[in-house]
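Residue-level structural notes
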Amino acid sequence: MEGEGILEINNQFLKPQKNDVFLLTKGSCHRYYCNSDKPWHKLFVIFRGSIVNALIRAYLPENVYLFNNCDLKDNFYSCLAVAKNSDLSYIEKDELITVELIKIFQYLHNRNQRESCLADRIKSKLDYYADKPFDMEFLCKEFNYSKNHIINVFSKKYGVTPYAYYNEKRISVAKYYLKNTDISIKSLAQLLSYTDSQYFSNCFKKATNKTPVQYRTQQG
């Protein structure tokens, strides 16, 4: 609801913030604590059973515990209202809260599907711009999302930031030209939009432990 904090779960280090939803699964190794200057105000539901286990397997990606900026406040409030309603029996409460939980899981599943699609679209754009100048502001304008959201969505699916992927792709393209063409190092640096051939050589060696000349010679 409000505040900032840290969640450590199964060797992941996460930072839930306002409107985020996080999941603590049974048997996971976890701990969490809030920022003392901006303490958490949170709503939570504790649930267990075969139905819930099936929902987690069917609706949520494996080893993902944090879902950013979710519009689920009303669903959690509904669970709270049902739990506090003394006119309902335990069975009635169980049935009504189960309905809300299914809605929550469905929302998270659909959101993950949309973000997976967004990650693929970002990747396609990065592949296209591998030989062109690039910065994060371009992606923000192209997809109309914040820098943090784009980084989180892409990193969640591909394990690297968009900028890291872009640099890896440029090195991959450079390898192709060095192996299959006689283009000069200076011209290749210009083709791939590096500021100069020395900077290109430094980046290439950092990524491959070889200079462009050494790589070409070994491929020949």
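Scroll up a little and you will see the structure.
Notes on the structure in this doc start here. (Residues numbered from 1 in each chain as written. Predicted model: local features only at pLDDT ≥ 70, side-chain atom pairs only at ≥ 80, totals over all residues. Heavy atoms only, no water.)

1. Quick look at the overall build of the protein
Counting secondary structure elements, the protein contains nine helices and five strands. In the protein, the order of α-helices and β-strands from amino to carboxyl end is β-β-β-β-α-β-α-α-α-α-α-α-α-α. Along the three orthogonal principal directions, the C-alpha set of the protein runs to about 80 × 40 × 35 Å. Scored against the burial criterion, the 220 residues of the protein give a buried share of 31%. (Helix = DSSP H or I, 4+ residues; strand = E, 2+ residues; numbered from the N terminus. Buried < 20%, exposed > 50% of the residue type's maximum accessible area, 1.4 Å probe, protein only.)

2. Let's talk about the side chain of Asp-20
Of note, Asp-20 is situated in the loop between strand 2 (12–14) and strand 3 (21–22). Although Asp-20 lies buried, it forms no salt bridge, and the closest oppositely charged side chain, Arg-111, sits 6.9 Å away as judged by the N-O distance. (Lys, Arg positive; Asp, Glu negative; His and termini not counted. Salt bridge = Lys/Arg side-chain N within 4 Å of Asp/Glu carboxyl O.)

3. Brief notes about the sheet that holds strand 4 (residues 30–34)
Taken together, the three strands give an open sheet; going across it, the order is 2-1-4, and neighbouring strands pair in antiparallel fashion. Edge positions in the sheet fall to strand 2 and strand 4, since each has one partner strand and no second. Looking at each pair of strands side by side, their axes are set apart by 10 degrees on average, direction ignored. By the bridge criterion, five bridges tie strand 1 (residues 5–9) to strand 4 in an arrangement that is antiparallel. Bridge pairing links Ile-9 to His-30 in strand 4. (Pairing = 2+ DSSP bridges. Axes fitted to C-alpha atoms, helices over the stretch in contact; angles between N-to-C directions.)

4. Thoughts on the pattern of salt bridges
Two side chains of opposite charge can pair, provided their charged atoms sit close to one another. Under the definition given, this model contains nine salt bridges. Here Arg-31 makes a salt bridge to Glu-8, at a shortest N to O gap of 3.3 Å. With a gap of 23 residues between them, Arg-31 in strand 4 and Glu-8 in strand 1 connect regions that are remote in the sequence. Overall, the relative accessible area of 22% leaves Glu-8 in the partly exposed class. When the shortest N-O distance is used, the salt bridge between Asp-120 and Lys-157 registers 2.7 Å. Here Asp-120 is found in helix 3 (residues 90–128), whereas its partner Lys-157 is found in helix 5 (residues 147–158), with 37 residues between them in sequence. Since its relative accessible area comes to 38%, Lys-157 is described here as partly exposed. The network of salt bridges with shared partners includes Lys-123, Asp-127 and Lys-169.

Bear in mind that shape data such as this cannot, by itself, settle questions of function.
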